[in-house]
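# Observations on the three-dimensional arrangement
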Amino acid sequence: MVRRLRQGSPGGKPRLGHAGSLLILCCCFVIAGPLSAAQVENMRLWAAPDHSRLVFDLSSPAQANVFTLDNPSRLVIDLDASQLRSDSDKLNLQGSAIEAVRTGVRNGNGLRIVLDLKREVEPEHFSLAPNEQYGHRLVVDLTYPGESAVEDPIDPIEAMIREQEIAAQRAQAEAKLGGKPQSPAAEAVKKAQPHPKRDIIIAIDAGHGGEDPGAHGPHGTREKDVVLDIARQLQQIVNRTEGFKAVMIRDGDYYVGLRQRTRIAREQKADFFVSIHADAFTSARPNGSSVFALSQGGASSETAKWLADSENRADLIGGVDGNLSLQDKDEVLRGVLLDLTMTATLNDSLAIGGQVLDRLGRVNRLHKSRVEQAGFVVLKSPDIPSLLVETGFISNPTEEQQLKSASHQRDLAQAIFSGMRAHFQQNPPPASLLAWQRDNSRNTAGNEYRIQPGDTLSEIASRHRVPLAMLKQANELNGDAIRVGQVLRIPNS
Ligand SMILES: [Zn+2]
């Protein structure tokens, strides 16, 4: 499940609101140490590709001092007036930056924890107040320098303006060529640029992870585990399908920030983003799948935010060298462009959502019969159609069992994929293999085929299952030379 922007579900009933509270609580930095000694009741560790996160469960808040030492590389965590009530040997260090953990008493009543490190880290720490699942916590993040996926977000308006400029230049160039008979050189240029036939990139986001377990079922099933299973099933289906490629936003038991999830999708040039969750409710009865797209309100506020951000950035860069391409763009134009993009993206999301909901309805009960809309942060990419799928209610005992079953997980993954594939077959992104296949079938009419840029005779022959010699003979061709726009007769083989 995910935290709704407004209190309660669209139906007005309360939902469990555990997830996402972490982000709010992050603001409460280290609280002054209490008079009584804090007990470290448990230690938990998560290894992500770009950081390790160590969490101390505490009986009460404790003042922490965290610093690194070199030769050999170590991280020291000093906790004032604290005692260790947990066995640090139980920590599974596999895949983390930590080689070993040592503990000792410091200044009589303090606790010192030394982490022997395998690699250079940049430490960061903060305290968290209790929530429904955990008590007081101290979180220590060990970030790997240079490996963080955090980058400056690419400004979608800037990208759009650049694309339009390139398209305009290309159109101008083609208009010039079109005015006179085309030279062999111009023909060669056209032939030299084969269709990219690129894969459609599907970003798969398993919700929650690490110290954020998400919702849990009456028998203890955790949302973060079942949604990762479903995400991996979906990954397999996507990667097995020609013309599609999956990108996993998280591929293990660690937490990825919500904005970071959309940033990874953008970096990977995703054509579509799907976040997978399992719903929960205060009573055991509700069941069924739901599909969410971004709300209009969420889209509008995000448009405003992107505009504000990119304008700030323009000011900043403009102040340095005064030579930023966007500096001279009309702000109104920028706003209009972004609005148009956001609207088109939202329309795509709703269209894909409809298809996905339809397929989900064939394998599971539907909680709501239409695509719902909400202001979820992970849905806020301005130019990547995005959906959030609540696969079922983990709080419902029957669905909790189903969500754990590999065959049900596969059915859900297959339904999600069938819905998105149906959309992309009808609306393939330009340059994708699916676009090429569609154009190809369009260019074959009856027994005739119109030659497209990048075509070769042997390819055309094999595509139409005709021997090359027969194709040449039927069209009285001597060599292999063909030109774009030429119409070939396809003989019956
Ligand atoms: Zn969730």
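Notes on the structure follow.

Cut-offs and rules
Residues numbered from 1 in each chain as written. Predicted model: local features only at pLDDT ≥ 70, side-chain atom pairs only at ≥ 80, totals over all residues. Heavy atoms only, no water. Helix = DSSP H or I, 4+ residues; strand = E, 2+ residues; numbered from the N terminus. Buried < 20%, exposed > 50% of the residue type's maximum accessible area, 1.4 Å probe, protein only. Contact = heavy atoms within 4.5 Å. Areas by Shrake-Rupley, 256 points an atom, 1.4 Å probe, with all protein chains shown as cover. Axes fitted to C-alpha atoms, helices over the stretch in contact; angles between N-to-C directions. Parallel < 35°, antiparallel > 145°, perpendicular 65-115°, else oblique. Nonpolar A, V, L, I, M, F, W, Y, C, P; charged D, E, K, R; others polar. Core = buried A, V, L, I, M, F, W, Y, C linked by side-chain atoms within 4.5 Å. Domains from an automatic or database assignment. Salt bridge = Lys/Arg side-chain N within 4 Å of Asp/Glu carboxyl O. Phe/Tyr/Trp six-rings, centres within 6.5 Å; stacked < 30°, edge-to-face > 60°. Pairing = 2+ DSSP bridges. Left-handed = near helix turned anticlockwise from the far one by under 90°. Lys, Arg positive; Asp, Glu negative; His and termini not counted.

Along the backbone of the chain there are twelve helices and 18 strands. By the burial criterion, 48% of the 493 residues in the chain qualify as buried. When contacts within the chain are restricted to residue pairs at least 6 apart in sequence, long-range pairs at least 24 apart make up 72% of them. Of the roughly 24100 Å² of accessible surface on the chain, a fraction of 50% belongs to carbon and sulfur atoms.

What follows concerns the packing of helix H8 (residues 397-404) against helix H9 (residues 406-426). The geometry of H8 relative to H9 is characterised by a closest axis approach of 5 Å and an angle of 85° between their N-to-C directions. Accordingly, the angle class assigned to the pair H8 and H9 is roughly perpendicular. Of the residues in H9, those touching H8 at Gln 402, Leu 403 and Lys 404 are Ala 406, His 408, Gln 409 and Leu 412. Considered class by class, the residues forming the contact of H8 with H9 number three nonpolar, three polar and one charged.

Burial of nonpolar side chains together is a common tendency in soluble globular proteins. Grouped together as the largest cluster of nonpolar side chains are 69 residues, with contacts concentrated most on Ile 202, Ile 204, Leu 234, Ile 276, Ile 416 and Met 420. Of all the elements, helix H4 (residues 223-240) adds the most residues to this core, at eight residues. Residue-level mapping places this core at the junction of two domains, with at least three residues from each of domain 1 (31-143) and domain 2 (200-426). If we skip the residues at most four places from it in the chain, Ile 276 touches Ile 204, Asp 205, Ala 206, Gly 207, Val 227, Ile 230, Ala 231, Leu 234, Val 389, Thr 391 and Ile 416. Listed in part, the 27 residues of the second largest apolar core include Leu 75, Ile 98, Leu 117 and Val 140.

A few words now on the pattern of salt bridges. If you walk through the whole model with that rule in mind, you get 20 salt bridges. A salt bridge links Glu 211 to Arg 53; the nearest nitrogen and oxygen atoms lie 2.0 Å apart. Here Arg 53 lies in strand S2 (residues 51-58) and Glu 211 lies in the loop between strand S10 (200-206) and H4, a separation of 158 residues in the sequence. For the pair shown, Glu 211 and Arg 53 are each scored as buried. For Asp 251, the salt bridge goes to Arg 232, with nearest N and O atoms at 3.0 Å. You can see Asp 251 sitting in the loop between strand S11 (244-248) and helix H5 (258-267) and its partner Arg 232 sitting in helix H4, a full 19 residues away along the chain.

What follows deals with the packing of aromatic side chains. Aromatic ring pairs are defined here through the distance separating the ring centres and the angle between the ring planes. One pass over the full model with this rule turns up four aromatic pairs. Plain terms: the ring middles of Phe 244 and Phe 424 are 6.5 Å apart, the flat faces sit at 65° to each other, and that makes the pair edge-to-face. Placement of the pair is Phe 244 in strand S11 and Phe 424 in helix H9, with a sequence separation of 180 residues. For the residue pair Phe 244 and Phe 424, the accessibility class agrees, reading buried in each case. Measuring from ring centre to ring centre gives 6.3 Å for Phe 272 and Phe 424, while their planes differ by 70°; the resulting arrangement is edge-to-face. Note that Phe 272 is positioned in strand S12 (residues 272-279) and Phe 424 in helix H9, a separation of 152 residues in sequence.

Time to look at the sheet that holds strand S14 (residues 372-374). Strand pairing in a sheet takes place through backbone hydrogen bonds and is either antiparallel or parallel in direction. With mixed pairing, the six strands of this open sheet are ordered in space as S11-S10-S12-S15-S13-S14. Pairing within the sheet leaves two strands with one partner each, and these edge strands are S11 and S14. Within the sheet, the average angular offset between the axes of one strand and its neighbour, ignoring direction, is 30°. Bridging between strand S13 (residues 290-294) and strand S15 (residues 386-393) involves three bridges; their strand directions are antiparallel. Residue pairing across strands places Phe 292 opposite Leu 388, the latter belonging to S15. Taken strand by strand, H4 contacts S10, S11, S12 and S15, and its axis lies near 155° from that of S11.

The subject of this paragraph is the pairing of strand S6 (residues 98-106). Taken together, the eight bridges between S6 and strand S7 (residues 110-117) define a ladder with antiparallel strand orientation. By the bridge assignment for S7, Ile 98 is matched with Leu 117. Hairpin connection between S6 and S7: a loop of three residues separates the two successive antiparallel strands, and Asn 107 in this loop has a positive phi of roughly 50°.

The mixed open sheet is built from five strands, whose spatial order is S5-S1-S2-S9-S8. Looking at strand neighbours, the two that pair on one side only are strand S5 (82-84) and strand S8 (122-128), the edges of this open sheet. Here the average twist between neighbouring strands, direction ignored, is 30°. Sheet topology note: the strand S1 (residues 38-47)/S2 ladder contains seven bridges and is antiparallel. Its bridge partner lying in S2, Asn 42 is registered against Asp 57.

Further remarks concern the packing of H4 against H9. Their axes nearest at 8 Å, the elements H4 and H9 cross at an angle of 55°. Classified by the angle their axes make, H4 and H9 are oblique. Crossing handedness for the pair H4 and H9: right-handed. When H4 is examined against H9, the residues Val 226, Asp 229, Ile 230, Gln 233, Leu 234, Ile 237 and Val 238 are found in contact with a partner set consisting of Ala 406, Gln 409, Arg 410, Leu 412, Ala 413, Gln 414, Ile 416, Phe 417 and Met 420. The class makeup of the residues in the contact of H4 with H9 is eleven nonpolar, three polar and two charged.

A separate point is the side chain of Arg 137. For Arg 137, the position within the fold is in strand S9 (residues 136-143). Although Arg 137 is buried, it makes no salt bridge; Asp 57 carries the closest opposite charge, 5.0 Å away.

Our focus in this paragraph is unusual backbone geometry. Omega for the bond connecting Asn 71 with Pro 72 falls within 30 degrees of zero, at -10°, which places this linkage in the cis form. Relative to the elements of secondary structure, Pro 72 occurs in the loop between strand S3 (64-69) and strand S4 (74-79). Phi angles above zero are rare outside glycine, and Lys 197 is one such case at about 45°. Positioned with a positive phi, Arg 465 is a non-glycine residue whose angle comes to about 55°. Relative to the elements of secondary structure, Arg 465 occurs in the loop between helix H11 (457-463) and helix H12 (468-474).

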